[in-house]
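Residues per chain are reported as follows:
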Amino acid sequence: MKRAFITGIEGQDGSYLAELLLAKNYEVHGIFRHSTNGGAVNLRHLKADPQIFERTLFLHPAELDDVDSIRVPLEQCAPDEIYHLASQSHVGASFEKVEETCRITGLGALRLLELTRKLPKAPRFFHASSSEIFGSPEQSPQDETTPVNPITPYGCAKAFGTQMTRIYRKNFGLFAVNGILFNHESPRRGENFVTRKICRAVAAIKAGRRQELVLGDTSAQRDWGHARDYVRGMWLALQHDTPEDFVFATGKLHRVQDIVELAFQAAGLEWQKFVRQEKQFFRPADPRQVIGNAAKAKNLLDWQPEISFEQTIAEMMAAELHAVLNL
Ligand code: F7E
């Protein structure tokens, strides 16, 4: 039985990855932040299953800021694979919390690499990198060779972690890989990311609990995939013969406005009556032309996204409508 250690296990990606690895008969260990008290909704179903919880799934409280709190469960687990997913991952918030973002997202990755290197038998290491490392690139679509040139504090912190992962791979011989992840969504997405924000608000409007949806730049475009596809990519990247960086993306661009229209349509409402843009949600800098080329992952890992943008928004809307209206 293989053992995996996941940071950020309570998040969207961590919870889907835990499910995937458990289904592949892994023993899964994850760390959660004291502040959530292990009560995060994304893992509730796994914690409620006595065949799984504390038999093949183990959760440990730890903080990325506190190396010792991670070292103890990591050494106990002695994993074959580490998936470092935890970070301060909100790009907009990174402009307000610049130092904290660099500490958690940038230095956090370095701490995990250093802990990994010092384990008696170094496990394979996955770092969740981000398309934000490219900033607003001149080359489109982006791939593993696109110059790193972040324009947001979050992107800069991720660029640090990405480059450190490469340095540890080259200089310390670690099997360390970056998955350069473009936007990926699901009903488990955090509430302040735009897809979930829109879907939640539309369901609340449908239920008569809200009157409007206030957004930032609805002309902004992203390459949006589904988180379940991306965690499969993470696992495949660690099963490959050699440690390589991989872009995971759909290669398709959509606008925030497209999400708005799909979400309101799913609820049978006219978006024009409810949507407003406000400066407060515009960012000081927002990458443009962020679109990925995942040809390397397709060629070497046989990975490609299976869930479309439209299916993703439909699944998210179904979940939100079910939550508020039991539809
Ligand atoms: O914004 C625009 C916003 O916050 C998407 C993270 O997973 O992907 C994610 O970062 C777009 C941006 O994600 C609102 O300006 C308009 O253009 O959902 P988001 P993100 O910033 O792209 C990358 C790859 C990561 O690595 C990150 O960790 O939507 N937008 N109006 C808005 N965004 C938000 N949040 N709220 C609005 O009201």
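Residues numbered from 1 in each chain as written. Predicted model: local features only at pLDDT ≥ 70, side-chain atom pairs only at ≥ 80, totals over all residues. Heavy atoms only, no water.

1. A few points about the nonpolar core
For step 1, the next point in the chain: In terms of nonpolar packing, the biggest core is built from 45 residues, with Ile6, Leu21, Val28, Tyr83, Phe126 and Phe248 touching the most fellow members.
For step 2, the next point in the chain: When residues of this core are assigned to their parent elements, the largest contribution, 8 residues, is made by helix H8 (residues 227–239).
For step 3, the next point in the chain: For Ile6, the contacting residues outside a window of four places in its chain are Gly14, Leu17, Ala18, Leu21, Val28, His29, Gly30, Ile31, Tyr83 and Leu85. (Core = buried A, V, L, I, M, F, W, Y, C linked by side-chain atoms within 4.5 Å. Buried < 20%, exposed > 50% of the residue type's maximum accessible area, 1.4 Å probe, protein only. Helix = DSSP H or I, 4+ residues; strand = E, 2+ residues; numbered from the N terminus. Contact = heavy atoms within 4.5 Å.)

2. A short note on the site of the ligand
For step 1, the next point in the chain: Lining the immediate surroundings of the ligand are 22 residues, of which Ser89, Ser130, Lys197, Arg283 and Asp286 lie closest.
For step 2, the next point in the chain: Contacts to the ligand include Ser130, whose side-chain N or O atom sits 2.7 Å from an oxygen atom.
For step 3, the next point in the chain: In the model, an oxygen atom of the ligand is placed 2.8 Å from a nitrogen or oxygen of the Asn183 side chain.
For step 4, the next point in the chain: For the ligand, whose unbound accessible area comes to 700 Å², protein coverage reaches 96%.
For step 5, the next point in the chain: Each residue belonging to the shell around the ligand can be placed in one class, and the counts come to 9 nonpolar, 7 polar and 6 charged.
For step 6, the next point in the chain: Counting the residues that make up the shell around the ligand, at least three belong to each of domain 1 (3–185 + 225–248) and domain 2 (194–222 + 253–325). (Near = heavy atom within 4 Å. Polar contact = N/O pair within 3.5 Å; in protein donor to acceptor, adjacent residues only side chain to side chain. Areas by Shrake-Rupley, 256 points an atom, 1.4 Å probe, with all protein chains shown as cover. Nonpolar A, V, L, I, M, F, W, Y, C, P; charged D, E, K, R; others polar. Domains from an automatic or database assignment.)

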